[in-house]
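Structure at a glance
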Amino acid sequence: MTQVYTVPRPIFDTLEHLSDLHKKCQVKTPRSVITVWLKECLGDYFELLPRAAINEYHQALMFLYSYRGSPDTFNAYRREIERFIQWSWFIHKKSIITLRRLDIEEFIEFAQHPPKTWISTKIVSRFFNQDGERIVNPEWKPFIVKVSKKASQDGVHAKKGNFKLSQQALKQIFAILGTFYNALIQEEATDVNPILQIRQKSKFIQKQSSPP
């Protein structure tokens, strides 16, 4: 029976722990370090990874590590790269370096309407410490639906069915993934930035009308 990746598990830890992983890759073979890490994160799901996943994770690790000087930027980039890679590997079942314009459009549509198993109604940590090891937090999800503080005070609760990706969030996806693919091109991991093909004629981001 073919295993299905329905409940996502985090693969990118905090900046501190990601830096430790990066250091280990400088001492040992990156492939061996990352293989061990992903097996710990994914468990049986590890077998579902595409062949290029280990190398692509290393590329993403180096990309995220380059933003270690800005925690806020790191967190934003980690969030989008995490969502994108998880979708590409486990839902689309393709290597990220093989993706083209139509694939990216499929991802955007997925991000606009993710399955409820990918949505949380509260912010939780990706991992927690247990006996000196980093353990996956089963409550973590790639997408979060929230209500305003006032709405919460009025007794309104967040519902997964109310998830909606804002225009600002969509713009951020395009910007971050575009930067990521430019970095991959610089590292000669690919020669195509599929994001640029969409931004010129985007059907996703609504243009703001000018005031009369």
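Residues numbered from 1 in each chain as written. Predicted model: local features only at pLDDT ≥ 70, side-chain atom pairs only at ≥ 80, totals over all residues. Heavy atoms only, no water.

1. Describing the overall build of the protein chain
Worth spelling out the cut-off: The helix count covers DSSP runs of H or I at least four residues long, the strand count covers runs of E at least two residues long, and both are numbered beginning at the N terminus. Atoms counted for the radius of gyration: C-alpha only. Globule rule: 2.2 Å times residue count to the power 0.38. Summary of the burial criterion: residues with accessible area below 20% of their type's maximum are buried, those above 50% are exposed, and those between are partly exposed, where the area comes from a 1.4 Å probe applied to protein chains only. We call two residues in contact when some of their heavy atoms are within 4.5 Å.
In terms of regular secondary structure, the protein chain is built from eight helices and four strands. Taking 17 Å as the expected radius of gyration for a compact globule of 212 residues, we find that the protein chain reaches 18 Å, a close match to that expectation. Along the first, second and third principal axes, the C-alpha set of the protein chain runs to 60 × 45 × 45 Å. Counting over 212 residues, the protein chain shows a buried share of 44%. Taking the contacts inside the protein chain whose residues are at least 6 apart along the sequence as the reference set, 66% of them involve residues at least 24 apart.

2. Quick word on the packing of aromatic side chains
Selection rule: What counts as a ring pair is set by centres within 6.5 Å for rings of Phe, Tyr and Trp (its six-membered ring), and what kind of pair is set by the plane angle: stacked under 30 degrees, edge-to-face over 60, tilted for all other angles.
By the definition in use, this model includes 17 aromatic pairs. Taking 4.6 Å as the distance between ring centres and 80° as the angle between the ring planes, the aromatic pair formed by Y5 and Y45 counts as edge-to-face. You can see Y5 sitting in the segment before α1 (15-27) and its partner Y45 sitting in the loop between α2 (30-42) and α3 (53-65), a full 40 residues away along the chain. An identical accessibility class is assigned to Y5 and Y45; each is buried. With a centroid separation of 5.0 Å and 55° between ring planes, the pair formed by F63 and F180 is classed as tilted. Pair noted here: F63 is in helix α3 and F180 is in helix α7 (residues 167-186), with a separation of 117 residues, a long-range link. Residue F63 shares its accessibility class with F180, and that shared class is buried. Three or more aromatic residues joined by ring pairs make a cluster, and in this case those are F63, Y67, Y77, F84, W87, F107, F180 and Y181.

3. Side note on the packing of α1 against α2
Operational definition: The angle between two axes is taken between their N-to-C directions and runs from 0 to 180 degrees, where each axis is a line fitted to C-alpha atoms and a helix contributes only its stretch in contact. Here the nonpolar group is Ala, Val, Leu, Ile, Met, Phe, Trp, Tyr, Cys and Pro; Asp, Glu, Lys and Arg are the charged ones; every other residue, Gly included, is treated as polar.
Running from N to C, α1 and α2 cross one another at 140°; their axes reach a closest spacing of 7 Å. Contacts between α1 and α2 involve L21, K24 and C25 from the former and P30, V33, I34 and W37 from the latter. For the contact of α1 with α2, the class distribution of residues is six nonpolar, no polar and one charged.

4. Description of the pattern of salt bridges
Applied cut-off: One side-chain nitrogen of Lys or Arg within 4 Å of one carboxyl oxygen of Asp or Glu is enough to make a salt bridge.
Under the definition given, this model contains seven salt bridges. Taking the shortest distance from any N to any O, the salt bridge between E105 and R101 comes out at 3.1 Å. With E105 and R101 both in helix α5 (residues 101-112) and four residues apart, the pair spans about one turn of that helix. Via salt bridges that share partners, R79, E80 and R83 belong to a single interconnected network.

5. As for unusual backbone geometry
With the exception of glycine, the majority of residues adopt a negative phi angle, and the majority of peptide bonds are in the trans configuration. The backbone of K93 sits at a positive phi, close to 60°, despite the residue not being glycine. Here K93 is to be found in the loop between α4 (71-91) and α5. Looking at K93, the relative accessible area reads 60%, which means it is exposed.

6. A word on the nonpolar core
What tends to happen in soluble globular proteins is that the nonpolar side chains get buried as a cluster. Heads up, the rule is: Residues grouped as a nonpolar core are buried Ala, Val, Leu, Ile, Met, Phe, Trp, Tyr and Cys residues, joined through side-chain atoms within 4.5 Å.
In this structure, L38, L42, Y57 and I81 are the most contacted members of the largest nonpolar core, which totals 60 residues. For this core, the secondary-structure elements that each account for two or more residues are α1, α2, α3, α4, α5, α7 and α8 (194-199). It is α7 that provides the largest number of residues to this core, a total of ten residues. Apart from the residues lying within four places of it in its own chain, the contact partners of I81 are F12, A60, F63, L64, I176, L177 and F180.

7. Topic: the packing of α5 against α7
As a reminder of what qualifies: Throughout this description, any angle smaller than 35 degrees is read as roughly parallel, any larger than 145 degrees as roughly antiparallel, any in the 65 to 115 degree range as roughly perpendicular, and the remainder as oblique. Put simply, a crossing is left-handed when the front helix is turned counterclockwise from the back one by less than a right angle, and right-handed when it is turned clockwise.
Running from N to C, α5 and α7 point in directions that differ by 140°, and their axes come no closer than 12 Å. Judged by the angle between their axes, α5 and α7 are oblique. The handedness of the crossing between α5 and α7 comes out as right-handed. Contact residues: I104, F107, I108, A111 and Q112 in α5; L170, I173, F174, L177 and Y181 in α7. In the contact of α5 with α7, the residues fall into nine nonpolar, one polar and no charged.

8. Some details on the pairing of strand β2 (residues 127-130)
Rules: Here a strand pair is declared whenever DSSP counts at least two bridges between the two strands.
By the bridge criterion, four bridges tie β2 to strand β3 (residues 133-136) in an arrangement that is antiparallel. Among the inter-strand pairings, N129 is bridged to a residue of β3, identified as R134. Hairpin connection of β2 to β3: two residues between the antiparallel strands, including D131 at a positive phi of 55°.

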